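Below, each chain spelled out in residue letters.
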Amino acid sequence: AAAARAGGWHRTLCTDLPPEKRRLWALFRQQAVRHHELFILAAKVIAEIVCLVRHYDAELWEAMAFFTRFAKMSWLSMLSLPSRSHTQGFPQRGKLEKLARQRRERRLQAVTNAVELLVAMMWERRFAELLTVDFFANLVGQFSLSNLWVQLDNPLSLKLAQRAGSDPEFKRRFGRLVDESAKAARKVSPPEEEEPGEATAAAAADSAQRWRLPRFEATAAAA
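Since this is a predicted model, take the numbers as computed values, not measurements.

Reading guide: rules and limits
Within any chain, residue numbers begin from 1 and follow the written order of that chain's sequence. This being a predicted model, a pLDDT of at least 70 is required before a residue's local features are given, and a value of 80 or more before pairs of side-chain atoms are given or counted; all residues contribute to the totals for chains, interfaces and linings. Computation of side-chain values: all heavy atoms of the structure, hydrogens and water removed. Buriedness for pockets is judged along seven lines, at least five of which must meet protein on both sides within 12 Å for an open set on the 1 Å grid over protein atoms alone, while cavities are sets there where a 1.4 Å probe fits but cannot get out, and lining residues have an atom within 4 Å of a point. Grid points are joined across faces, edges and corners, and a volume is the space filled by probe spheres set on the points. Secondary structure elements are taken from DSSP: a helix is a run of H or I of four residues or more, a strand is a run of E of two residues or more, and numbering for both begins at the N terminus. Polar here means any residue other than Ala, Val, Leu, Ile, Met, Phe, Trp, Tyr, Cys and Pro, which are nonpolar, and Asp, Glu, Lys and Arg, which are charged; Gly is therefore polar. Here, two residues are considered to be in contact whenever any of their heavy atoms come within 4.5 Å of each other. In this description, a line fitted to the C-alpha atoms serves as the axis of each element, helices being fitted only across the stretch in contact, and the angle between N-to-C directions of two axes falls anywhere from 0 to 180 degrees. For this classification, under 35 degrees means roughly parallel, over 145 means roughly antiparallel, 65 to 115 means roughly perpendicular, and everything else is oblique. Each crossing is labelled by how the near helix is turned from the far one, with a counterclockwise turn of less than a right angle marking it left-handed and a clockwise turn marking it right-handed.

Novice: Would you mind showing me how to read empty space enclosed by the protein here?
Specialist: Empty space among the atoms becomes visible once a probe the size of a water molecule is rolled across them. On inspection of all chains with the given rule, the structure shows one cavity of 30 Å³ or more. Of the pockets and cavities examined, the largest cavity occupies roughly 40 Å³. Forming the boundary of the largest cavity are Phe28, Gln31, Ala32, His35, Phe39, Ala110 and Ala114. Of all the secondary-structure elements, those providing two or more residues to the lining of the largest cavity are helix H3 (22-35) and helix H6 (94-122). Broken down by element, the residue count for the lining of the largest cavity peaks at four residues, all from H3. In terms of residue class, the lining of the largest cavity is built from five nonpolar, two polar and no charged.

See the structure below:
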């Protein structure tokens, strides 16, 4: 805790912030959760750069280059559109052009709002090139290109299974709910081809796993 207060992004966004501005960091995180969770990671990188320049005499451009040295693309350009990859240009006419323009405008507004909050927290004239829409959008795009798919077991699954195994009344009361939830999950899952004998094994596995809660699935930036 002492090391965090003395350096790094935490010092910039917590320790160095005056009390009247600390609510802005909470507001930023709320907006990031609503739009894109990687906004938070980008904000922490910018705050880390601010700390390096303020307290460790780092050169601003060198710090910015260090954290953006990987393959990147502006998040504003990474739009999901039919028949388009991230490396292609935007459609120039028709319904897809209108769709692309609307989606990019929504992203631009989200990024602009985020940068305005960062400016309110960290503004100094020497950080004018750091606290920009372009730099922030490139950071978010860089992290988006290096994401990994993460799956984590629900930490409550084991306790739930133990309770069901030791408490018949609990199992009777909630067993039907668990079964109906499992049926709904199977309906929305893609069909899989089964080899002979796999159906019986799968049914047994389903029975053994019926008290396990769904796994957490999301993306996370690669280390």
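Novice: What's the story with the side chain of Gln142 in this structure? I'm lost.
Specialist: Looking at the secondary structure, you find Gln142 in helix H7 (residues 133-145). The contact partners of Gln142, leaving out residues within four places of it in the chain, are Phe67, Thr68, Arg69, Phe70, Ala71, Lys72 and Met73.

Novice: What am I meant to see in the packing of H3 against H6 here?
Specialist: In helix packing, the relevant descriptors are the interaxial angle and the interaxial distance, both defined with respect to the helix axes. Look at H3 against H6: their axes get within 10 Å of each other, and the N-to-C directions meet at 165°. When the axes of H3 and H6 are compared, the pair comes out roughly antiparallel. The handedness of the crossing between H3 and H6 is left-handed. For the pair H3 and H6, the contacting residues are Leu24, Trp25, Leu27, Phe28, Gln31 and His35 in the first and Ala110, Asn113, Ala114, Leu117, Leu118, Ala120 and Met121 in the second. Of the residues in the contact of H3 with H6, the class split is ten nonpolar, three polar and no charged.

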